[in-house]
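The chain contents come next:
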Amino acid sequence: MKKEKKEKLVIAGPCALESKQQLREVALMLKALGVNHIRASLWKPRTSPGWEGTGAIGLSTLLEETLAYGLVPASEILSAEHAQLAVQALQRYGEEQAKMVLWLGARNQNHLEQKKIAKILASGPKAVLLMFKNPMWEDERHWMGIAEHLYSAGFPMERLMVCHRGFYPGKQANPIGLRNLPDFEMAMRVKAKSGLPMLLDPSHIGGSSQNVISICQEASQYDFDGYMVEVHTNPSVAKTDAKQQLTLAEFEQVLKIIREEAVLETTTKCSMQQMAF
Ligand code: PEP
Ligand code: MN
């Protein structure tokens, strides 16, 4: 299953957009690390009622603070209305600049709504990519079905990506307390069957920063085309998913694993030690 080394798409940033300042800080940090795709979700579906994101009000901040600096913004959308708002906001930018990654989250399993979203985005700016995550429950057919629904609504394959974020653990054994259980083999099957790029979201699988790092290590055995990782400048005060958001230092560690530099570094260190002997 292991592959040759290739460049991976990395989307990183906070779970949710919280403020202009927060976005600016993380954007600068990502740019310095050569990461050009920044996530900061506007709409946050929650398990229990609570802060639900900035909503549409944050859309102009998200675009203004990223596109002008050559970064591609990314957010989850939950409805056709959200897709419409994103397209309208992007249309104020030229075709060259109007880039965004929008994704359908694991909880968003209404196929009728998915098709409406696909239709709206298919006729929007050409550089807008649509990603869909696996459903919460472990069902390969249903996961593949999302791709079929999106195609049937006229969404082009070249602008579509998939993301694995693990499955609800239920009563399954879960010794390290993952938030969702990965099935890397299934993700690789869906990648092969759909012919689409497959990203991994280690954050919603891990549920804690330590687990996120371990999941990235484990996933490096598989042929993922990219990663979407939650990073916050100060995770302890994050308004959502505080436990799983990585600090800058942790993210740098993860980036080395993703870029396959971690092993290289150990090998270099070893051979240098050997030379010293
Ligand atoms: C997210 O990526 O912020 C998110 C809510 O993910 P999921 O749909 O995987 O729960
Ligand atoms: Mn999150």
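Predicted model only: the values in this text are computed from it and were never measured. (Residues numbered from 1 in each chain as written. Chains lettered and ligands numbered in written order. Predicted model: local features only at pLDDT ≥ 70, side-chain atom pairs only at ≥ 80, totals over all residues. Heavy atoms only, no water.)

**Student:** Can you break down the pairing of strand β1 (residues 9-13) residue by residue, with the values?
**Tutor:** Counted residue by residue, β1 has four buried out of five residues, so it is predominantly covered. With five bridges connecting them, β1 and strand β8 (residues 226-230) associate as parallel partners. Its bridge partner lying in β8, V10 is registered against Y227. Relative to strand β2 (residues 37-39), β1 is paired through two bridges, and the arrangement is parallel. Residue pairing across strands places A12 opposite I38, the latter belonging to β2. Taking the sense of rotation as the criterion, the β-α-β connection linking β1, helix α1 (residues 20-32) and β2 turns out right-handed. (Buried < 20%, exposed > 50% of the residue type's maximum accessible area, 1.4 Å probe, protein only. Helix = DSSP H or I, 4+ residues; strand = E, 2+ residues; numbered from the N terminus. Pairing = 2+ DSSP bridges. Right-handed = clockwise from strand over helix to strand, strands pointing away.)

**Student:** Please give an account of the coordination of the manganese ion (ligand 2) that cites residues and values.
**Tutor:** Looking at the metal site, the manganese ion (ligand 2) is ligated by C15 (SG), H204 (NE2), E230 (OE) and D241 (OD), spaced 2.0 to 2.4 Å from it. Counting along the primary sequence, the residues that act as donors to the manganese ion (ligand 2) give the motif C-x188-H-x25-E-x10-D. Of the two residues, C15 sits in the loop between β1 and α1 while H204 sits in helix α7 (residues 202-206), which places them 189 residues apart along the sequence. Note on accessibility: C15 and H204 belong to one class, buried. (Donors = N, O, S within 2.8 Å, 3.2 Å for Na, K, Ca; no water.)

**Student:** Any chance you could break down the sheet that holds β1 for me, citing the residues and the numbers?
**Tutor:** The eight strands are arranged β1-β2-β3-β4-β5-β6-β7-β8 in a closed barrel whose pairing can be described as parallel. Sheet twist, expressed as the mean angle between neighbouring strand axes with direction ignored, is 25°. The strands touched by α1 within the sheet are β1 and β2, with β2 carrying the most contacts at an inclination of about 150°. (Axes fitted to C-alpha atoms, helices over the stretch in contact; angles between N-to-C directions. Contact = heavy atoms within 4.5 Å.)

**Student:** Describe the packing of aromatic side chains, listing the residues and the values that go with them.
**Tutor:** On inspection of all chains with the given rule, the structure shows four aromatic pairs. An angle of 85° between the planes, with centres 6.2 Å apart, marks the rings of W143 and F167 as edge-to-face. Taken as a pair, W143 in helix α5 (residues 140-152) and F167 in the loop between β6 (160-164) and α6 (184-194) lie far apart in primary sequence, 24 residues in all. Since its relative accessible area comes to 0%, W143 is described here as buried. For F167, a relative accessible area of 1% gives the class buried. Aromatic rings pair up to connect F184, Y222, F224 and Y227 into one cluster. (Phe/Tyr/Trp six-rings, centres within 6.5 Å; stacked < 30°, edge-to-face > 60°.)

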